[in-house]
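Each chain, written out:
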Amino acid sequence: MLHIAFRNLWKNWVRQAPELWKRDQFLLNNYPVALTMHYGQNQDLRRSSNSTQVERENWNKDHDYEHVMLFSFSLASHINFSVVHEWANVPPAVILAREGNVFTAPPGHHGHQEIEDLENYDLLDEDGKEIPIYTAEGYMVLRHAPPNNRSISGSAFLDLTKAPTLFVPEDAEEDFNIRAVPCYLYPLAFTKTLGNMQAVGLIHSFQQQLPLINRNLSTHLAGHDEDDNDSLFGDMNDNHNPMDGQPILQGLRCQAYNSLSHRVRERIKFHSVQLGRITAAVSGCTATGVSAVSKWERCLQECEFMLPHEQFHVKVTGGSQPQSMRFENTYRLEVSAMMPEDKNGSAVYDRVITPLLRTWMHPDVQRSVRQVLVPLAVDVVPGIFEWTTYPITCFLQLSWDNLLPQLQQLDVSIDPHVIEIISVFERVLNYAHTGAARVLICALMDHTWTSLGLMFDGFPCIWGRFLNHDELVRNNIRIYSKQWPLDTSTQRPITSSRRVQELTYGCKHYESYIARFTILHAMKNLPQHVYVDVGDPCKRLACFAAEVGLRVYIEDVKHLVSEAVSKELRDLFLDEDDQINAELIRNRDLALQRWCDSMNPLSYTESTLMDLIRAVSDHRDEDPHLRDPQLGTQTLSFFVGKIITVCKQGNTHRQPPFIQDGKALPVLKMTIAKIRQAALSARVPADSISSFTSHAFILACKKLKINHIPWVHPRDRGAGAPSTYISHKVWLSVGAAEPPPVADAVGYRTPEETSRALVRKSSQRLIAGDPSGAWSALQVKLLHFHTVLHKAVLPLECSMANVNIPKTSPDYISSMYHWVLQNFDMTKPIHFLALFASTAFSGLLPAIHSPKDSRMQYIRSLPWIEKNRKGSTDPSPFIFMFTAYILGFYETSSPVGERIRKAECLRKWLDKNSAKGMTLLSLCRFGLASPRNNGVFHAGQWGKDVIALLDSTLAGKRDAVVEYLRSSPEYGAFDAIQYLAGSTTAMALVENGSGYVKARPMAQASGSSSNSASAKRMVNIFTEDDE
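All values reported here derive from a predicted model rather than from experimental measurement.

Trainee: Describe in detail a negative patch on the surface, supporting the description with residues and values.
Mentor: Together, Glu114, Glu116, Asp117 and Glu119 make up a region of like negative charge exposed at the surface. For Glu114, the position within the fold is in the loop between β4 (102-103) and β5 (133-135).

Printed below as a string of structure tokens:
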């Protein structure tokens, strides 16, 4: 009927097809090939001489071969071993009547002669073995046979170490294996060397017999050479021209397997142990939706009734189990190349099917097959699977017994680590029954040692640091989750159950499962390198969980854009004849691929954004761009708020920003639930959980660089509900600045953070009150210098770690810094003033240099300028170095002071400090030395161009600075610097923006009748600066 329908309706269908479809002339110049036959499997052939005529008639009447171009078919032969207690001779008359003339050897063999008197031809040789005789075609004829009531005593497996030799000639060259038929081996029952085989060609001894059959089928073809294409591989070419030398009958492939494999299959394709039913039952307890829940309930009931290995046991228990070795060859027959009188079922049966079946009796075929078979005693094959897999099935039974009570409860979820280890063991059981290495997930199972054991030793093993062996003895399952391998690119745990879950419940279910698995695994083993700037472990986990969910959303976006753009490009490419436009279409496709492969596809990175615009926009547009949803630029809080709102419990409808048919919605629902659960466990206040969750999502968005998202088309002014269909052409920017938080930042703190903050504040208060307590000048700066006036120790910045001293430097330089660390005394005026000036000096960075000017009277008014000097950005070293530089000139007992007293050279010391901007002019600008002449602007000398201040002057300056600092905590530091170094330096510190000082308003600087003595003194300072 199908063939008739094509013949009658095809031309009319082509006539009505769109012109675009017929542009390449393919439909106009070609006709379809109809499927004309599909016969059942395992039909008996030539089981007895009585059935031959019936089988021939069935082949003749079932199909009309005149309308068949070609067809493929498979023939299987069963081989088993029998114990024969007696033999029955076949009468010579029966042999001659059935076979015709017989010969002493096959055609072409030495000694090939016709046997004229079969009655008197010896039956046995001197050793008591049958003397073989052969037909004219070379098939061996049995002269005596066992009785029909013989008992089958065993079965067989292939010896996989010898199976590849089936495809190699006995006299093959050494490198013939490289050119031989590809052969795939499947070890069974953990034996490593016994099992099944598949190949993409026929065994060599069988292939050698095909030319004889082809010779009989192709005698009518002019110029045909029956030896053409007589290869081991069989021709897989689809060119069916019979005149090009191809044989009419071709061998395509073969396989050899034990018949028990057919016995235990529920369906055509799978064993029950291959379906992963236990994994499906334990992973489906979190299924959502009517269909998924129904499937889970069926899996649960099936396993409650009988586990897969128990089903296998039931099927193989009892007698008469099929255990023979089944050799199955697949052929292709070019019916169109056969003679007209052979295009019928009878001819196919007699001239193709029957010779192929009899080929198994050929001595070369039997000899090669016997060499690779391993005979086994009766019922060993069914038992060997149960014996070798007993440890595996015991573990699966234990796991099921432990989990069944939980599965029978409501709202339960099984630990994903347990689900995956069950899946691993089910895959091992699958491998035992099939020998297919593709069922092994090496990324996970190598780590557990199971697949390594199978590959190297044939038997699985489990790593004791992955699964606790001692607990197994006590019927408990304890998995060391810390050892679980992770995907290096996504930080997701590697799983074994993905295939089962996706086939049973769908991809969305698995995405939700793997997200939950990732978060639960992170709760116990959070990677150290993620969100290192977030101090609280609970918040780090929340950010990581949010990132896991958002990555699924990003994959949804990539899928949306990729599918939509690819469809557009396919339609355009079919309808585009212009080569220039065709090239532009290909460029759009390349841009799409680059965008999908980018690290952060939703970012505003220039190259990523350009690729997106190029891919999404029509290449014919003069102004390619992304459409605006007319909502303005939104914030990340807007995006996160939409996600959280849609994911609220009870909300079943998808809304933007979630994409139609996407996987992110159930994943993010589960993610938010886990974040809330973690927040409650960490004792985050209930009224702060929402802000805690939002903040975690915002941090994750920033890490993933989510700057814009696809959105719905702008709503028309007409009535109706707004659209929820996300378009790949409309993009909403979410890069607006976040509004200032209404609540105090403490609202985001967990109880642990709050407790830590309080403890830290208390400890800082104690340290600050202790004169010997550690303190930092960079934290105090000048603004809060009044809080450390009681300190008796140098700040933390004064450390040898902050000084770089070349190895070639003289010893007195290093000794000078050590002297400061050992002899610093805050009560000495010059020590206090040196540290105060050094702190101010570090606040001027990088503008710490002075212009060359010869006017001494304007030293305090000179600007501070910046020079391109290496190492002038980190303020920490300058606090220590400038302090040591000042004290070296004043303290005669210091290493530098002693060299000054002895009039020794200080060039190395002066050069080292001047390279960093610290000169004698700097001392004068901070009022800590007095210039004598213009030499201060050049390489001035201490005691000649610049002289020290008197001790009484230094004491007065120290007292004035202290009074300024104490009199006004807000502006005292500004007043003190203005007094010590002038208003130019004070304003430079203000303008540097580092928070060292706070400028006093000019109204107060000009003075008033109500101001204190400090203010009056400051008026005099301004007058002095303006002279």
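Trainee: Describe the pairing of strand β12 (residues 325-333), with residues and values.
Mentor: A regular strand carries its side chains on alternate faces of the sheet. Most of β12 is tucked away, with 9 of its 9 residues classed as buried. Residue alternation in β12 divides its side chains into two sets, Met325, Phe327, Asn329, Tyr331 and Leu333 and Arg326, Glu328, Thr330 and Arg332, and both sets are buried. Sheet analysis places strand β1 (residues 71-79) next to β12, joined by 9 bridges and oriented antiparallel. By the bridge assignment for β12, Ser74 is matched with Thr330. As paired strands, strand β11 (residues 249-258) and β12 are joined by 9 bridges and run antiparallel to one another. Its bridge partner lying in β12, Ala256 is registered against Phe327.

Trainee: Now, about the nonpolar core: what can you tell me, with residues and values included?
Mentor: If you look at the biggest cluster of nonpolar residues, it comprises 78 residues, and the most contacted ones within it are Leu782, Phe785, Trp909 and Phe926. The residues touching Trp909, leaving out its near neighbours within four places in the chain, are Tyr812, Ile813, Met816, Tyr817, Ala884, Tyr885, Phe889 and Val896. With 71 residues, the next largest nonpolar core counts Ala545, Val640, Phe658 and Ile706 among its residues.

Trainee: Run through the pattern of salt bridges, naming residues and quoting values.
Mentor: All chains considered together, the criterion is met by 22 salt bridges. Among the salt bridges present, the one from Asp350 reaches Arg56, with a minimum N-O distance of 2.8 Å. In this pair, Asp350 is assigned in helix α12 (residues 345-358) and Arg56 in helix α3 (residues 52-62), connecting sequence segments 294 residues apart. Across the pair Arg958 and Asp959 runs a salt bridge, and its minimum N-O distance is 3.0 Å. Owing to a relative accessible area of 43%, Asp959 belongs among the partly exposed residues under this scheme. Each member of the salt-bridge network shares a partner with another, and the members are Arg98, Glu99 and Arg358.

Criteria and thresholds
- Per-chain numbering applies: the sequence of each chain, read as written, is numbered from 1 onward.
- A pLDDT threshold of at least 70 governs which residues receive local features in this predicted model, and a stricter bar of 80 or more applies before side-chain atom pairs are shown or counted, although totals over entire chains, interfaces and linings include all residues.
- For side-chain calculations, the full set of non-hydrogen atoms in the structure is used, while hydrogens and water are omitted.
- Only residues whose relative accessible area exceeds 30% and that form no salt bridge are eligible for patches; like-charged ones are grouped when within 9 Å, while nonpolar side chains (Val, Leu, Ile, Met, Phe, Trp, Tyr) are grouped when within 5 Å.
- Accessibility throughout is a Shrake-Rupley quantity obtained with a 1.4 Å probe, and a residue counts as covered only by protein chains that appear here.
- Salt bridges are counted wherever a side-chain nitrogen of Lys or Arg sits within 4 Å of a carboxyl oxygen of Asp or Glu.
- His is not counted, nor are the chain ends, whereas Lys and Arg count as positive and Asp and Glu as negative.
- Where a charge sits is defined by one atom per residue type, namely NZ (Lys), CZ (Arg), CG (Asp) or CD (Glu).
- Helix and strand labels come from DSSP, where a helix needs a run of H or I of at least four residues and a strand needs a run of E of at least two; each type is numbered from the N terminus.
- Buried residues are those whose accessible area, probed at 1.4 Å on protein chains only, stays under 20% of the maximum for their type, while exposed residues exceed 50% and partly exposed ones sit between those limits.
- Any two strands are treated as partners once DSSP identifies two or more bridges connecting them.
- Buried Ala, Val, Leu, Ile, Met, Phe, Trp, Tyr and Cys residues that are joined via side-chain atoms within 4.5 Å together make up what is termed a nonpolar core.
- Here, two residues are considered to be in contact whenever any of their heavy atoms come within 4.5 Å of each other.

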